[in-house]
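Descriptive analysis of the structure
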Amino acid sequence: MVIRKMEERDIAGVNKLLKQVNKIHHDGRPDLFRLANKYTDEELAEKAHNEIDPVFVAVKDDDSVDPASEDNVLGYAICYFKDTRPDHMLTDITGIYIDDLCVDEKLRGHHIGRMLYDHVCKYAKEKGCYNVTLNVWECNPSAHRFYEAVGLKPQKYCMEHIL
């Protein structure tokens, strides 16, 4: 396995995993999440060429699978740089926000998520970032456990009251 920046040939595999994440969220909060793709193929193609906000993929590094096959992508991390400098109250820091991190449901427990997370942290450190942040939905307890296991701690809580 190798972790690298996403390329256009990875779109089918990333889409396959995006559907898995969407199903977890929809099953947990159908009042908030539809069963729909988070990104179009065109949006993913743009992300593949985005030099600022990286998308990393964990892919097979052997010849057992066609590189363009959806089965080649084992996991991904969609990231955005976050800068607090326009804010008058917060200190001036830049960080990486992980919008999505997913490992194929058939491969969870094989440390691919940990390797993706570590890769993002290494990349963020090389870019001079102060921190790595993400949001995790309350309806996804396995994600909570994973993020706690890799060392993430709560920064803030988003709370709701459904009317």
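Notes on the structure in this doc start here. It should be emphasised that the depicted structure is a prediction, and the values quoted were computed from it without experimental measurement.

**Re the nonpolar core**
Ranked by internal contacts, the top residues of the largest apolar core, which has 23 residues, are Ile96, Ile98, Leu116 and Val120. Going through the elements one at a time, β2 (55-59), β3 (73-83), β4 (94-103), α3 (112-126), β5 (131-134) and α4 (141-149) are the ones with two or more residues in this core. Tallying contributions element by element places α3 first for this core, with six residues. If you look at the next biggest cluster of nonpolar residues, it comprises 17 residues, including Leu18, Ala48, Val73 and Ile78.

**As for the pairing of β5**
Covered by surrounding structure in β5 are Asn131 and Thr133 together with Val132 and Leu134, the residues of both alternating faces. This β-α-β element, β4 to α3 to β5, shows right-handed connectivity.

**Brief notes about the pattern of salt bridges**
Taken as a whole and judged by the stated rule, the model has 13 salt bridges. Between Lys23 and Asp27 there is a salt bridge whose closest N-O contact spans 2.8 Å. Here Lys23 pairs with Asp27, and both are found in helix α1 (residues 11-28), just four residues apart, close to one helical turn. Here the salt bridges do not stand alone but share partners, grouping Arg4, Glu7, Arg9 and Asp10 into one network.

**Some points on unusual backbone geometry**
At His111, a residue that is not glycine, the phi angle is positive and equals roughly 70 degrees. Tracing the chain through its elements places His111 in the loop between β4 and α3.

**Focus on the packing of α1 against helix α2 (residues 41-49)**
Where α1 contacts α2, the two axes come as close as 10 Å, and the packing angle between them is 115 degrees. The handedness of the crossing between α1 and α2 comes out as right-handed. Contact with α1, carried on its side by Ile11, Val14, Asn15 and Leu18, involves Asp41, Leu44 and Ala45 of α2 and no other residues of that element. For the contact of α1 with α2, the residue count by class is five nonpolar, one polar and one charged.

Rules behind the numbers
- Residues numbered from 1 in each chain as written.
- Predicted model: local features only at pLDDT ≥ 70, side-chain atom pairs only at ≥ 80, totals over all residues.
- Heavy atoms only, no water.
- Core = buried A, V, L, I, M, F, W, Y, C linked by side-chain atoms within 4.5 Å.
- Buried < 20%, exposed > 50% of the residue type's maximum accessible area, 1.4 Å probe, protein only.
- Helix = DSSP H or I, 4+ residues; strand = E, 2+ residues; numbered from the N terminus.
- Right-handed = clockwise from strand over helix to strand, strands pointing away.
- Salt bridge = Lys/Arg side-chain N within 4 Å of Asp/Glu carboxyl O.
- Axes fitted to C-alpha atoms, helices over the stretch in contact; angles between N-to-C directions.
- Left-handed = near helix turned anticlockwise from the far one by under 90°.
- Contact = heavy atoms within 4.5 Å.
- Nonpolar A, V, L, I, M, F, W, Y, C, P; charged D, E, K, R; others polar.

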